[in-house]
Amino acid sequence: MTGALWLGSLACGETERNEQAPLPTQSGSNSGGQITNGGTSTTETGGAAAGTAQAASGTAGTSADTGGNAGASTTKPTPVTAPITQVVKSSGCGKQYAGPTSGATNTLQTMGVKAADCAGQLAGQPICGSWAATRTYNLYLPQNYDPTKAYALVIEAPGCSGTGSNVPALNHNVDNSAIRVGVAPGPNDLGHGSNPNQGCFDDHEGDDSIDWVMYEQLYDRLDAELCFDRNRVFVGGYGSGAWFANELGCKYAGDLLRPVRAVLPNAGALPTDPRFAPTCSNAPLAGFWVHEVTSFTTPFEDAKVAIERAMALNSCASGSSYDTAPAELFPIGGGTPETQCKRITGCSPLYPIVVCPLPNRTQSSNESIVNPGWSTFIKLFQSPPLITY
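None of the values given here were measured: they were computed from a predicted structure. (Residues numbered from 1 in each chain as written. Predicted model: local features only at pLDDT ≥ 70, side-chain atom pairs only at ≥ 80, totals over all residues. Heavy atoms only, no water.)

Observations concerning the state of the cysteines
Applying the stated criterion across every chain yields a total of six disulfides. Note that Cys93 is cross-linked by a disulfide to Cys227, the S-S spacing being 2.0 Å. In this structure, the disulfide formed by Cys93 and Cys227 twists by about 90° around the S-S bond and is classed as right-handed. On the criterion of sequence distance, the pair formed by Cys93 in the loop between β2 (63–65) and β3 (105–114) and Cys227 in the loop between α2 (210–225) and β9 (228–238) is long-range, its members being 134 residues apart. (Disulfide = S-S within 2.5 Å. Helix = DSSP H or I, 4+ residues; strand = E, 2+ residues; numbered from the N terminus.)

Below, the structure written as structure tokens:
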């Protein structure tokens, strides 16, 4: 969508800063403190269920609901207990898709309750307690979508004030091998922990974020309607959407019901302030990070929090220091220099970590890196050892 606004995220205490960047036309065929870790368990936001959580190492944990997914009309997915490399087909496999036209805007009715001491505020006043929000998303099916084939699922999030159509097309849905879903931030009237009235994701609200309810309801609907591999769910985003991606992966990696395999953040970080940080799992997580190393908006040091957390959980032989980690070239094509992106070596081969540090100071959509880079990275998961058929 040429000339579309893909607005940037703002860190706590910063002033509003909009960025405009060209995007490809969408096609239906196509801080302070420490991150809170929750052992090997992850937290759900809907109902009361418990079970054994999938972990890439084969260890098990639990997944506990905390009530907030009211309004969901679909049945919860079955637990994912297979090894991370095994294809796990969604419930929608074998069913003809009968939903809206590919590319159309869809809605979800979400509701929940934030704790009395939530971080959200508006006009200097806390916005806590019961809430309800209509969320929107755009679904993009691959050309000649086959309901018997388990595709990769890519959830994409724009920056502040963006929509589900303001997301990269990823080389025609990763050469028609993936289902893409663009999700929009929630409404301004529900407040924000650091940047109210800027149309951002609820990315500074910890476990009270309205985005977890949205993700779970969206996942459940997609699981019921479409055919995708539940062991190949990717979450990417720009600006506020990148914060959302980092946090979602941190929280839902290895989840029993709605696992995330990898994150694809572009110009975003992971909150460490206890007021804003979600409870995270201890399951490994793959990732492809794009970030401006001298960014005025989100310092690269903040982005390294997410990268180094992944390194620690992925058992990287060099430890968890990004600055001293050995790396090899990771060519992404698209006319990008081969030296632009590098894969950290010595980590679990099932959870690759790739970083593309950019010399820019101005945060942007980095479309020339994101489009070929995300696509190349996702394709890794189409071949052994990352997948077994």
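Don't stop here, the text continues.
Quick look at the sheet that holds β3
Here we have ten strands laid out as an open sheet, ordered β3-β6-β8-β7-β9-β10-β11-β14-β13-β12, and mixed in their pairing. Strands at the two margins of the open sheet, each flanked by one partner only, are β3 and β12 (327–329). Pairs of neighbouring strands in the sheet enclose a mean axial angle of 25°, with direction left out of account. Bridge count for β9 against strand β10 (residues 262–266) is five bridges, and the pairing is parallel. Bridged to Gly236 within β10 is Leu264. Those strands touched by α2 are β3, β6 (129–140), β7 (151–157), β8 (178–183) and β9, and its axis lies near 135° from that of β3. Most of the contacts of helix α3 (residues 240–252) go to β9, to which it runs at about 145°, and overall it touches β7, β8, β9, β10 and β11 (286–292). (Pairing = 2+ DSSP bridges. Axes fitted to C-alpha atoms, helices over the stretch in contact; angles between N-to-C directions. Contact = heavy atoms within 4.5 Å.)

Side note on the environment of Ala306
By the secondary structure assignment, Ala306 is in helix α4 (residues 300–313). Taking C-alpha positions, Ala306 is 5.6 Å from Leu270, a pair spaced 36 residues apart along the chain. In this structure Ala306 touches Asn246, Leu270 and Trp289, once residues within four positions along its chain are discounted.

Observations regarding the pairing of β11
Looking down a regular strand, the side chains alternate between one sheet face and the other. By the criterion of burial, β11 is predominantly enclosed, with seven of the seven residues buried. Here β11 shows two buried faces, one formed by Ala286, Phe288, Val290 and Glu292 and the other by Gly287, Trp289 and His291. Two elements, β10 and β11, share three bridges in a ladder whose sense is parallel. When the sheet's bridge partners are listed, Ala262 is paired in β11 with Ala286. The pairing of β11 with strand β14 (residues 353–358) spans six bridges and is parallel. The residue of β14 that forms the bridge with Trp289 is Val355. (Buried < 20%, exposed > 50% of the residue type's maximum accessible area, 1.4 Å probe, protein only.)

Topic: unusual backbone geometry
Of note, the bond from Pro384 into Pro385 is cis; its omega dihedral lies within 30 degrees of zero at 5°. Within the element layout of this structure, Pro385 appears in the segment after α5 (367–379). Of note, the phi angle at Ala123 is positive, near 55°, even though the residue is not glycine. Structurally, Ala123 is set in the loop between β4 (121–122) and β5 (125–126). Of note in the backbone geometry, Ser161 takes a positive phi value of approximately 70° without being a glycine. Within the secondary structure, Ser161 sits in the loop between β7 and α1 (170–176).

Points about α5
Over its 13 residues, α5 extends 18 Å from the first C-alpha to the last, a length consistent with the 18 Å expected when each residue adds 1.5 Å. Taking burial as the measure, the 13 residues of α5 include ten buried ones, the bulk of the element. Taken residue by residue, α5 has Glu367, Ile369, Val370, Asn371, Pro372, Gly373, Trp374, Ser375, Phe377 and Ile378 as its buried positions. Here the buried face of α5 lies against β7, α1, β9, β10, β11 and β14. (Expected span 1.5 Å × (residues − 1).)

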